Amino acid sequence: MFDFLDFNILDIIDIVLVAMLLFYAYRLVKGTAAINIFVGIVILYLIWKITDALNMELLSNILGGFMSVGVFALIVVFQQEI
C-alpha cells in the first residue's frame, strides 16, 4: 500500500533524536528574551530558503549574507545559556 515509504530503524532513531534536540533547545530558551530572537532567525532562514527556491537571486544573496554571520550572532545572543 505504501511502497513509496521505505523506513528502517535508523530513520526512526534519526527522527527521535532530532525531536529531542529541538525539544531541549526550546526548553533551554523558553521564558527568556532569546526565544524571540531565535524565532526571528528561524523565520529569516525560512524566507531565505524560499527566495532561493524561487530563484530570486538578489534577495537570496542579501539574506544569505545575513545568514553567513548568523552563527556568530547566535553565539553572542546565547552566550549566557552557553
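All figures in this text were calculated on a predicted structure; none of them were measured in a lab.

*Asks:* Can you lay out the side chain of Thr51 for me, pointing to particular residues and giving the numbers?
*Replies:* Structurally, Thr51 is set in helix H2 (residues 34-53). When neighbours within four sequence positions are excluded, Thr51 is seen to be in contact with Met56, Leu59, Ser60 and Leu63.

*Asks:* Any chance you could break down the side chain of Ser60 for me, citing the residues and the numbers?
*Replies:* Summarising the element assignment, Ser60 is placed in helix H3 (residues 57-68). Using a relative accessible area of 7% as the deciding quantity, one classes Ser60 as buried. Leaving out residues up to four positions away in the same chain, Ser60 has contacts with Trp48, Thr51 and Asp52.

*Asks:* An account of the packing of H2 against H3 is requested, with residue identities and associated values reported.
*Replies:* Contact geometry of H2 with H3 gives a least axis separation of 9 Å together with a crossing angle of 145 degrees. As H2 runs across H3, the sense of the crossing is left-handed. In this structure, H2 uses Ile41, Leu44, Tyr45, Ile47, Trp48, Thr51 and Asp52 to contact H3, whose residues at the interface are Leu59, Ser60, Leu63, Gly64, Phe66 and Met67. Taken together, the residues of the contact of H2 with H3 sort by class into nine nonpolar, three polar and one charged.

*Asks:* Can you break down the confidence of the model for the protein residue by residue, with the values?
*Replies:* Should pLDDT be low for a region, the predicted coordinates there are not to be read in detail. Chain-level pLDDT for the protein is 81 on average; 94% of the residues reach the 70-or-more range. Mean pLDDT in the protein bottoms out at helix H4 (residues 70-77), which sits at 75, and peaks at helix H1 (residues 9-29), which reaches 85.

*Asks:* Describe the packing of aromatic side chains, naming the residues involved and giving the relevant values.
*Replies:* For any pair of aromatic rings, geometry is given as the distance between the ring centres together with the angle between the planes. Under the definition given, this model contains two aromatic pairs. Aromatic side chains Phe23 and Tyr24 sit 5.2 Å apart centroid to centroid with 65 degrees between the ring planes, which places their arrangement in the edge-to-face category. The exposure class assigned to Phe23 is partly exposed, which follows from its relative accessible area of 45%. Take Tyr24: its relative accessible area is 46%, and that puts it in the partly exposed class. Geometrically, the ring pair formed by Tyr45 and Trp48 is edge-to-face, given 5.7 Å between the ring centres and 65 degrees between the ring planes. One end of the pair, Tyr45, and the other, Trp48, are both in helix H2, three residues apart, so they sit about a helical turn from each other. Positioned above the aromatic ring of Trp48, the side-chain terminus of Lys49 is 4.7 Å from the ring centre.

Rules behind the numbers
Residues numbered from 1 in each chain as written. Predicted model: local features only at pLDDT ≥ 70, side-chain atom pairs only at ≥ 80, totals over all residues. Heavy atoms only, no water. Helix = DSSP H or I, 4+ residues; strand = E, 2+ residues; numbered from the N terminus. Contact = heavy atoms within 4.5 Å. Buried < 20%, exposed > 50% of the residue type's maximum accessible area, 1.4 Å probe, protein only. Axes fitted to C-alpha atoms, helices over the stretch in contact; angles between N-to-C directions. Left-handed = near helix turned anticlockwise from the far one by under 90°. Nonpolar A, V, L, I, M, F, W, Y, C, P; charged D, E, K, R; others polar. pLDDT = per-residue confidence, 0-100. Phe/Tyr/Trp six-rings, centres within 6.5 Å; stacked < 30°, edge-to-face > 60°. Lys NZ or Arg CZ within 6 Å of the ring centre and 35° of its normal.

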